[in-house]
Amino acid sequence: MKELKDYSGPFVRNIRFEDLSKEALGRLIQACCREILVLDAYWQEQMCKRVGEDAARECLIENYTRIGKHEMKWTMEALNIKGNDVEAYAKANQFLPSFAQGFFDFDWDVKNKNHAILTVQRCPAFTQFKEQDPEKLEWNCHVLEAAAIKAYAAAVNPDIQIKALKVGFEGEPEEIACQWEFKIET
Amino acid sequence: MPDLEDYSGEFRPDAKLQDFSKDTVARLWRSNSLLYMMLGGLWFDVVKDKVGAEKALEWEKEVWLKRGGSLNDMRGVMEVLNIKGDDVAALFKTFQFAPGEAGWIDIECELKNKEHGILTATRCPALEIFELGGDTVRQKHACEDICVPGMQLSGEFINPKMKCRALKLPPRQSKDEIACQWEFKIE
């Protein structure tokens, strides 16, 4: 079967993922990542509406600290990423659906297997909240992200130490969203 | 650069999806789809712990049916794969690549004609989890309170005249049975 650039043609009963072009598969992954973020937002909105912002935030933290180990494990399995050092964490992090390339712009500077710096240049929450809702941004960056990153890193190695190098809005032009250092003391 | 079969090698600062083989991208899509469905389940658990099962069940239904969770699963796929049309063929094409359908459930789509088709879920991990835990309340809720209206909503999203009928729903007598079966028809 000829590789399909999309699925605008007729229905194919036994179509397989592999029948699509790599570009189409990439777009499907992006769509799936967006659906994950949207579904999460629906639940957050639902909780805000029903029990208020504080309870919704508690649930959000709980959810991301619970899901981190699964998201890391499945991503590492899919890509056959082994190891429990900072490099392994960085490699998996590059392909996490909840931190998908295209929605987030980020760079990893892996200094060695046990030390790396993550710089997030663009983050949808940072862009949206920095002027609209600074309090929510502060909570998002300082509380939620700090807890989530800790849980995700612990899924690879509980000894990974995380230090926030830049978090929150400082009002500088061309400001990056955040920067984190990951280190295993040897 | 040849396609990578996995990411077991050294860290690459500019690693992109396009660097990997199709098989690898397919595995990643399936694990992402699994995460997509698990996220909903985890939200349910967290909310249940906070406010109790009754409200969690009610709010889960609202997320999937009223807030747009069911349709969220279709819109993105239709957009990125350029799936057009208002018939059952368009619906089945979408289901074949939707994270909440083929992404984690084994499905077979039998298109009798463009306006009539049968969707069979031969294996559903959610059902297996409910069966394993003996959780009949959650199984009934997921299959009857969410999937039944959710499938109808999905059909209507493609064509308001499309009707969905459940031909078979859980519970099942044995693990050899299919999970569920649905008929879609434009009347």
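Residues numbered from 1 in each chain as written. Chains lettered and ligands numbered in written order. Predicted model: local features only at pLDDT ≥ 70, side-chain atom pairs only at ≥ 80, totals over all residues.

Visitor: Describe the overall build of chain A, naming the residues involved and giving the relevant values.
Guide: Regarding its fold elements, chain A presents 5 helices and 4 strands. Ordered by position from the N terminus, the helices and strands of chain A form the series α-α-α-β-β-α-α-β-β. Considered along the principal axes of its C-alpha atoms, chain A spans approximately 50 × 45 × 35 Å. The 186 residues of chain A split such that 37% are buried. (Helix = DSSP H or I, 4+ residues; strand = E, 2+ residues; numbered from the N terminus. Buried ≥ 20, exposed ≤ 12 C-beta atoms within 10 Å, placed from the backbone.)

Visitor: Can you lay out the confidence of the model for chain B for me, pointing to particular residues and giving the numbers?
Guide: When pLDDT is averaged along chain B, the result is 93, and 100% of the positions lie at 70 or above. Across the predicted assembly, pTM comes out at 0.89 and ipTM at 0.86. (pLDDT = per-residue confidence, 0-100.)

Visitor: Describe the nonpolar core, listing the residues and the values that go with them.
Guide: Counting 104 residues, the largest nonpolar core has Leu28(A), Ile29(A), Tyr89(A) and Val77(B) as its most contacted members. Broken down by element, the residue count for this core peaks at 11 residues, all from helix H1 (residues 22–51) of chain B. Once residues within four sequence positions are removed from consideration, Leu28(A) is found in contact with Trp29(B), Val77(B), Val80(B) and Phe97(B). (Core = buried A, V, L, I, M, F, W, Y, C linked by C-beta atoms within 7 Å. Contact = placed C-beta atoms within 7 Å.)

Visitor: Before we move on, can you summarise the pairing of strand E1 (residues 105–112) of chain A with the specific residues and values?
Guide: Residues and elements named next belong to chain A. Relative to strand E2 (residues 115–122), E1 is paired through 7 bridges, and the arrangement is antiparallel. What sits directly across from Asp 109, in E2, is Ile 117. Hairpin remark: E1 followed by E2, antiparallel, with 2 residues in the connecting loop. (Pairing = 2+ DSSP bridges.)

Visitor: So what's going on with the interface of chain A and chain B? Which residues, and what values?
Guide: Counting residues at the interface gives 58 residues for chain A, matched by 55 residues for chain B. Among the elements that take part in the side of chain A that touches chain B, helix H1 (residues 22–51) of chain A stands out by supplying 24 residues, more than any other. Counted by class, the side of chain A that touches chain B contains 30 nonpolar, 10 polar and 18 charged residues. (Nonpolar A, V, L, I, M, F, W, Y, C, P; charged D, E, K, R; others polar.)

Visitor: Please set out the packing of H1(A) against helix H3 (residues 69–80) of chain B residue by residue, giving values where relevant.
Guide: Axis separation between H1(A) and H3(B) bottoms out at 9 Å; the angle between their running directions is 155 degrees. Comparing their axes, H3(B) and H1(A) come out roughly antiparallel. Two packed elements cross with a definite hand, and for H1(A) against H3(B) that hand is right-handed. Residues Arg27(A), Leu28(A), Gln30(A), Ala31(A), Arg34(A), Glu35(A), Val38(A), Leu39(A) and Tyr42(A) of H1(A) form the contact with H3(B), whose own contacting residues are Gly69(B), Asn72(B), Asp73(B), Gly76(B), Val77(B), Glu79(B) and Val80(B). For the contact of H1(A) with H3(B), the per-class residue count stands at 7 nonpolar, 4 polar and 5 charged. (Axes fitted to C-alpha atoms, helices over the stretch in contact; angles between N-to-C directions. Parallel < 35°, antiparallel > 145°, perpendicular 65-115°, else oblique. Left-handed = near helix turned anticlockwise from the far one by under 90°.)

Visitor: An account of the sheet that holds strand E4 (residues 180–186) of chain B is needed here, citing residue identities and associated values.
Guide: Residue and element names in this part refer to chain B. Spatially, the 4 strands line up as an open sheet ordered E1-E2-E4-E3, and their pairing is antiparallel. Here the strands that pair on one side only, and so sit at the sheet edges, are strand E1 (106–113) and strand E3 (162–168). Going across the sheet, the axis of each strand differs from the next one's by a mean of 20 degrees, ignoring polarity. Across 7 bridges, E1 lies against strand E2 (residues 116–123) in antiparallel orientation. The partner of Asp 106 across the bridge, within E2, is Arg 123. Across the sheet, helix H6 (residues 136–158) touches E3 and E4, and the angle it forms with E3 is around 145 degrees.

Visitor: Outline the environment of Lys166(A), supporting the account with residue identities and numerical values.
Guide: Residue and element names in this part refer to chain A. Relative to the elements of secondary structure, Lys 166 occurs in strand E3 (residues 161–167). Classification of Lys 166 by C-beta neighbours within 10 Å gives partly exposed; the count is 15. Along the chain, Lys 166 and Ala 177 lie 11 residues apart, while their C-alpha atoms are 7.9 Å from each other. Look past the residues within four positions of Lys 166 in its chain and what remains in contact with it is Ile 176, Cys 178 and Gln 179.

Visitor: For H3(B), give the residues involved together with the corresponding values.
Guide: With 9 of 12 residues buried, H3(B) lies mostly within the body of the structure. The complete set of buried residues in H3(B) reads Gly69(B), Ser70(B), Asn72(B), Asp73(B), Met74(B), Gly76(B), Val77(B), Met78(B) and Val80(B). In this structure, the buried side of H3(B) is in contact with H1 of chain A together with helix H2 (53–66), helix H4 (88–95) and H6 of chain B. At the C-terminal side of H3(B), Asn82(B) shows a positive phi close to 55 degrees.

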